[in-house]
Amino acid sequence: MKSNHFSQSDAAAELARVLLGALALLIGSAAIGIAVNHFSPRGIPVFPVGQELAAVQASTVSIPLPPGLKPVELADAKKAFDDAAALFLDARPSDEYAEAHVPGAVNLPPSRFEERFPDLADRVEKAPVIIVYCSGAECSDSIEVAERLEETGNYTIQVLEAGWRAWAEAGYPTTTGAEP
Amino acid sequence: MSRVRAFATHPGTGAFCRLLIGAIFIYTATPKLLRPDEFARLVAGYRLLHPDLVNLVGITLPWIELVAGAFLVLGILPRSSVLVLAGLLAVFIIAGFFALVRGLDISCGCFFPFMADHKLGWDLLVRDAILLLISLQPIAWPSTFLLRKRL
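Residues numbered from 1 in each chain as written. Chains lettered and ligands numbered in written order. Predicted model: local features only at pLDDT ≥ 70, side-chain atom pairs only at ≥ 80, totals over all residues.

Novice: Break down the overall build of chain A for me, citing the residues and quoting the values.
Specialist: Scanning chain A for helices and strands turns up 7 helices and 5 strands. For chain A, the succession of helices and strands along the chain, N to C, is α-α-β-α-β-α-β-α-β-α-β-α. Looking at the 180 residues of chain A, the share that counts as buried comes to 29%. Residue pairs in contact within chain A that sit at least 24 positions apart in sequence constitute 69% of those at least 6 positions apart. (Helix = DSSP H or I, 4+ residues; strand = E, 2+ residues; numbered from the N terminus. Buried ≥ 20, exposed ≤ 12 C-beta atoms within 10 Å, placed from the backbone. Contact = placed C-beta atoms within 7 Å.)

Dropping the structure here:
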């Protein structure tokens with residue numbers, strides 16, 4: 001009985017040691033991180049204030065469009081849709097596309113760009129304007145596809161930053177079904 | 001069953017789990033360390049943290065990963081180190097779960113297996129869960145294999 005008692009207190013001591021070690025490790029490495037960040041030319045403010053904070057807040061809701069890519073407002077995209085003046089590219093994953101998408105939009109997720117682009121080249125070539133979208137402002141797939149297109153050829157590309165969600169919420173036409 | 005147990009508790013298995021988890025975290029911490037601004041943006045993408053705290057996590061998390069990973073590989077405070085890393089994996093799973101349930105279309109910020117970033121998806125949560133399971137082995141059965149001193 002006595003030895004059992006001892007082994008239990010040993011286990012408790014070991015557990016305390018492990019937990020204390022973990023805590024020391026967390027605090028120690030966090031301190032190293034803050035110190036290195038302080039002296040690093042790439043350092044960022046630990047607690048952003050004012051404009052810096054606004055930038056962080058903006059980045060939590062939207063991914064900024066890289067320079068060179070043109071945005072398109074939802075209303076303008078709708079006008080282009082009504083006039084059949086643009087080719088819509090849906091950069092979301094195929095299953096989300098199948099659930100619902102802009103009528104006539106072609107599904108082109110960045111992960112399948114290489115595989116799918118050859119079949120689409122003709123349509124992309126002929127389109128006066130290409131409008132790319134993904135779920136919303138917080139996704140980067142539309143940007144990725146737009147950049148890949150820019151590398152591929154000289155097209156007029158616009159990114160619908162508000163994305164699919166804004167289109168659907170506006171009550172604009174949608175359709176369902178996978179790509180034929 | 002006893003064979004499963006014999007395998008799970010084998011010192012070689014312990015050393016493998018320890019080195020694997022440690023190496024993965026050292027590897028994935030590196031790009032995050034080099035670009036704290038970008039990593040902070042990826043953290044912000046999960047939209048779980050208050051904007052005030054995003055940079056703090058972006059600055060400290062990669063160092064915690066690196067130090068705990070290095071300690072684990074070197075055998076310094078191995079049980080504490082693997083506990084920290086298992087805790088991080090649990091946090092990643094929970095954060096990823098909430099992000100996916102809310103339909104966020106974001107980068108995972110995980111930099112594994114390649115340095116390129118991936119889209120957050122359920123497959124990544126399964127992967128993290130497998131890593132979490134592996135990281136529990138050295139906690140449950142600390143081994144002295146490939147280490148000079150007792151754990």
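Novice: Quick rundown of the environment of A:Lys126? Include the residues and the values.
Specialist: Among the secondary structure elements, A:Lys126 is positioned in helix 5 (residues 113-126). Sequence separation of A:Lys126 and A:Leu87 is 39 residues, and the distance between their C-alpha atoms is 9.1 Å.

Novice: So what's going on with the sheet that holds strand 1 (residues 70-71) of chain A? Which residues, and what values?
Specialist: Residues and elements named next belong to chain A. The strand order across the open sheet formed by 5 strands is 1-5-4-2-3, and the pairing between neighbours is parallel. The sheet is open, and its two borders are formed by strand 1 and strand 3 (106-107), each paired with just one other strand. By the bridge criterion, 3 bridges tie strand 4 (residues 130-133) to strand 5 (residues 157-159) in an arrangement that is parallel. By the bridge assignment, Val132 is partnered in strand 5 with Val159. Contacts from helix 6 (residues 141-152) reach strand 2 (87-90), strand 4 and strand 5, with the element oriented near 170 degrees to strand 5. (Pairing = 2+ DSSP bridges. Axes fitted to C-alpha atoms, helices over the stretch in contact; angles between N-to-C directions.)

Novice: Account for unusual backbone geometry, with residues named and values stated.
Specialist: In this structure, A:Ala84 is a non-glycine residue whose phi angle is positive, near 50 degrees. Tracing the sequence through the fold places A:Ala84 in the loop between helix 3 (74-82) and strand 2. Phi at B:Leu77 takes a positive value of approximately 40 degrees, unusual for a residue other than glycine. Within the fold, B:Leu77 resides in the loop between helix 4 (51-74) and helix 5 (78-101).

Novice: How would you explain the environment of A:Pro110 if you had to name every residue and give the values?
Specialist: Position of A:Pro110 relative to the elements: it lies in the loop between strand 3 and helix 5. For the pair A:Pro110 and A:Ala146, spaced 36 residues apart in the sequence, the C-alpha separation amounts to 9.3 Å.

Novice: Explain the pairing of strand 2 of chain A to me, and be specific about the residues and the numbers.
Specialist: Residue and element names in this part refer to chain A. Burial along strand 2 is two-sided: the face carrying Leu87 and Leu89 and the face carrying Phe88 and Asp90 are both buried. In terms of strand pairing, strand 2 meets strand 4 through 4 bridges, oriented parallel. The partner of Asp90 across the bridge, within strand 4, is Tyr133. Note that strand 2 and strand 3 share 2 bridges and pair parallel. Looking at strand 3, one finds that Leu89 is bridged to Val106.

Novice: Can you break down the nonpolar core residue by residue, with the values?
Specialist: With 40 residues, the main nonpolar core has A:Leu25, B:Ile21, B:Val43, B:Val67, B:Ala68, B:Val84 and B:Leu85 as its most contacted residues. Within the residue set of this core, elements represented by two or more residues are helix 1 (2-39) of chain A together with helix 2 (11-34), helix 3 (36-45), helix 4 and helix 5 of chain B. It is helix 4 of chain B that contributes the most residues to this core, 11 residues altogether. If we skip the residues at most four places from it in the chain, A:Leu25 touches B:Val67, B:Ala68, B:Phe71, B:Leu77, B:Ser80, B:Ser81 and B:Val84. Formed by 27 residues, the second largest nonpolar core is a distinct cluster that contains A:Val102, A:Ile143, A:Ala146 and A:Val159. (Core = buried A, V, L, I, M, F, W, Y, C linked by C-beta atoms within 7 Å.)

Novice: Outline the interface of chain B and chain A, listing residues and values.
Specialist: At the junction of the two partners, chain B supplies 32 residues and chain A supplies 30 residues. The set of elements that each furnish at least two residues to the side of chain B that touches chain A consists of helix 3, helix 4 and helix 5 of chain B. Here the residues of the side of chain B that touches chain A sort into 18 nonpolar, 7 polar and 7 charged. (Nonpolar A, V, L, I, M, F, W, Y, C, P; charged D, E, K, R; others polar.)

Novice: Run through the packing of helix 2 of chain B against helix 6 (residues 122-140) of chain B, naming residues and quoting values.
Specialist: Residue and element names in this part refer to chain B. At a minimum axis distance of 8 Å, the contact between helix 2 and helix 6 shows a crossing angle of 125 degrees. Judged by the inter-axis angle, helix 2 sits oblique to helix 6. For the pair helix 2 and helix 6, the sense of crossing is left-handed. In this structure, helix 2 contributes Thr13, Gly14, Cys17, Arg18, Leu20, Ile21 and Ile24 to the contact, and helix 6 contributes Leu131, Ile134, Ser135, Gln137 and Pro138. Residues of the contact of helix 2 with helix 6, tallied by class, amount to 7 nonpolar, 4 polar and 1 charged. (Parallel < 35°, antiparallel > 145°, perpendicular 65-115°, else oblique. Left-handed = near helix turned anticlockwise from the far one by under 90°.)

Novice: Got a sec to walk through the confidence of the model for chain A? Specific residues and values, please.
Specialist: Residue-level pLDDT values for chain A average 85, and 88% of them are 70 or greater. The least confident element of chain A is helix 2 (residues 50-61) of chain A, whose mean pLDDT is 58; the most confident is strand 2 of chain A, at 96. (pLDDT = per-residue confidence, 0-100.)

Novice: Give a detailed account of the confidence of the model for chain B, specifying residues and quantitative values.
Specialist: Residue and element names in this part refer to chain B. This prediction gives chain B a mean pLDDT of 85; 89% of its residues lie at or above 70. Per-element confidence in chain B is highest for helix 5, whose mean pLDDT is 93, and lowest for helix 1 (residues 2-9), whose mean pLDDT is 83. For this predicted complex, the interface score ipTM comes out at 0.86, alongside a pTM of 0.61.

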